[in-house]
Amino acid sequence: AFFAETAGPLAGKKALVTSGPTHEPIDPVRYIANRSSGKQGHAIAAALRRLGAEVTLVSGPVTIVDPAGVNVVKVESAREMLEASLACLPVDVAVMAAAVADWRVADAAGTKMKKDGSGKLPSLSLTENPDILATIGHHETLRPSLVIGFAAETGNVISYAKDKLGRKGADFICANDVSPESGVFGGDANTVHLVGKDAVEDWPTMTKDEVAARLASVIAARLDT
Ligand code: CTP
Ligand code: CA
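- Per an unreviewed UniProt entry, the recorded name for the protein chain is Coenzyme A biosynthesis bifunctional protein CoaBC, and the organism is Hartmannibacter diazotrophicus.

### Comments concerning the overall build of the protein chain
1) Next: Secondary structure summary: the protein chain contains five helices and 14 strands in total.
2) Next: In summary, the protein chain has a C-alpha radius of gyration of 18 Å against a globular reference of 17 Å for 225 residues, a match within 12%.
3) Next: Dimensions of the protein chain, computed from C-alpha atoms along their principal axes, come out at roughly 65 × 40 × 35 Å.
4) Next: Residues counted as buried form 45% of the 225 residues belonging to the protein chain.
5) Next: At a minimum sequence separation of 6, the contacts of the protein chain that also span at least 24 residues come to 64%.
6) Next: Carbon and sulfur atoms provide 51% of the accessible area of the protein chain, an area that totals close to 11600 Å².

### Topic: the side chain of S59
1) Next: Structurally, the position occupied by S59 is in strand β4 (residues 54-59).
2) Next: Leave out the neighbours within four places in its chain, and S59 touches S19, H42, V73, K74, V75 and M81.

### As for the coordination of the calcium ion (ligand 2)
Put simply, the ideal angle at a metal is 109.5 degrees for four donors in tetrahedral geometry and 90 or 180 degrees for six donors in octahedral geometry.
1) Next: Donor atoms from the polypeptide that coordinate the calcium ion (ligand 2) comprise D102 (OD) and D102 (OD), at 2.5 Å from the metal.
2) Next: Mapped onto the elements, D102 comes out in the loop between β6 (93-96) and β7 (103-105).

### Re the pattern of salt bridges
1) Next: All told, the structure shown has eight salt bridges when counted by the stated rule.
2) Next: R167 is the partner of D163 in a salt bridge, and the nearest nitrogen-oxygen pair spans 3.2 Å. Residue D163 and its partner R167 are both found in helix α4 (residues 157-168); the two are separated by four residues, about one turn of the helix.
3) Next: Residue D171 is joined to K197 by a salt bridge in which the shortest nitrogen-to-oxygen separation is 3.2 Å. One end of the pair, D171, is in the loop between α4 and β10 (172-177); the other, K197, is in the loop between β12 (192-196) and β13 (200-202), and 26 residues separate them in sequence.

### Describing the pairing of β10
1) Next: The element β10 is largely enclosed, with a buried count of five among its six residues.
2) Next: Here strand β9 (residues 146-153) runs beside β10; their pairing, made up of six bridges, is parallel. Following the sheet pairing, A152 is matched in β10 by N176.
3) Next: For the crossover from β9 across α4 to β10, the handedness is right-handed.
4) Next: Pairing of β10 with β12 involves five bridges; the strand directions are antiparallel. Directly across from C174, in β12, lies its bridge partner L194.

### As for the nonpolar core
1) Next: Of all hydrophobic cores here, the largest spans 32 residues; its most connected members are I44, L48, V95, I148, L215 and I219.
2) Next: When contributions to this core are tallied by element, the ones reaching two or more residues are β1 (14-19), α1 (39-50), β4, β6, β9, β10, β12 and α5 (208-223).
3) Next: The element that contributes the greatest number of residues to this core is α5, accounting for eight residues.
4) Next: L16, M81, V147 and I173 belong to the second largest nonpolar core, which has 24 residues in total.

### With respect to the pairing of strand β3 (residues 30-33)
1) Next: In terms of strand pairing, strand β2 (residues 23-27) meets β3 through four bridges, oriented antiparallel. Bridge pairing in β3 links D27 to R30.
2) Next: Between β2 and β3, which pair antiparallel and follow one another directly, the connecting turn spans two residues.

About the criteria used
- Residues numbered from 1 in each chain as written.
- Chains lettered and ligands numbered in written order.
- Predicted model: local features only at pLDDT ≥ 70, side-chain atom pairs only at ≥ 80, totals over all residues.
- Heavy atoms only, no water.
- Helix = DSSP H or I, 4+ residues; strand = E, 2+ residues; numbered from the N terminus.
- Rg over C-alpha atoms; globule rule 2.2 N^0.38 Å.
- Buried < 20%, exposed > 50% of the residue type's maximum accessible area, 1.4 Å probe, protein only.
- Contact = heavy atoms within 4.5 Å.
- Areas by Shrake-Rupley, 256 points an atom, 1.4 Å probe, with all protein chains shown as cover.
- Donors = N, O, S within 2.8 Å, 3.2 Å for Na, K, Ca; no water.
- Salt bridge = Lys/Arg side-chain N within 4 Å of Asp/Glu carboxyl O.
- Pairing = 2+ DSSP bridges.
- Right-handed = clockwise from strand over helix to strand, strands pointing away.
- Core = buried A, V, L, I, M, F, W, Y, C linked by side-chain atoms within 4.5 Å.

Encoded structure:
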């Protein structure tokens, strides 16, 4: 991909961002997916670009527009997202904002499943998808200097995020409260707690663009050492 020369605190730095849901096929016309508009991940890719980074955005199926100046790689499934993300390495920072489906159908049908008229229901057998964040966070040779994950949680948001931080080898988890009353899904606002190894920053509720800009400046400060 061609990247125009840029100025800014992240000039010369490479970033990988995942965004959107993944679609896991059941058959050629049906899929399992997570709820995700891609707004937060796309906004992060745009914000990193504005600070001068060379950004690759690996995106699952979304209906929003590609951010300008960013190399966009479109994928469908978690396995494709993992492959496209690994192909981006080495990078200085990886931000995994995608809502990856935890499970896929073990052996998806190659042809459309049909009702046979008897009322008999199909049963789906599931298998676990690879964890893209954990794969990159624990990568033996190509781990980025900064690895950031997201966690959409309800309930004890910060303690779940701390657990994910350790398990997935991340430097930070942006934990957002997705209780139905928060209005996060599909909306423009987000309430984030930036959970690090030894500190938690509670950010005020702001737009997803503002979260992206603030996260990009945390990244710039961290990489500037
Ligand atoms: N993630 C990933 N690959 C997966 C699952 C999750 O890269 N197969 C990343 C997400 O992009 C996010 C972080 O891991 O940055 C946390 O995702 P989340 O779904 O909250 O974590 P899980 O480990 O799947 O836990 P849960 O059971 O709460 O869904
Ligand atoms: Ca999950």
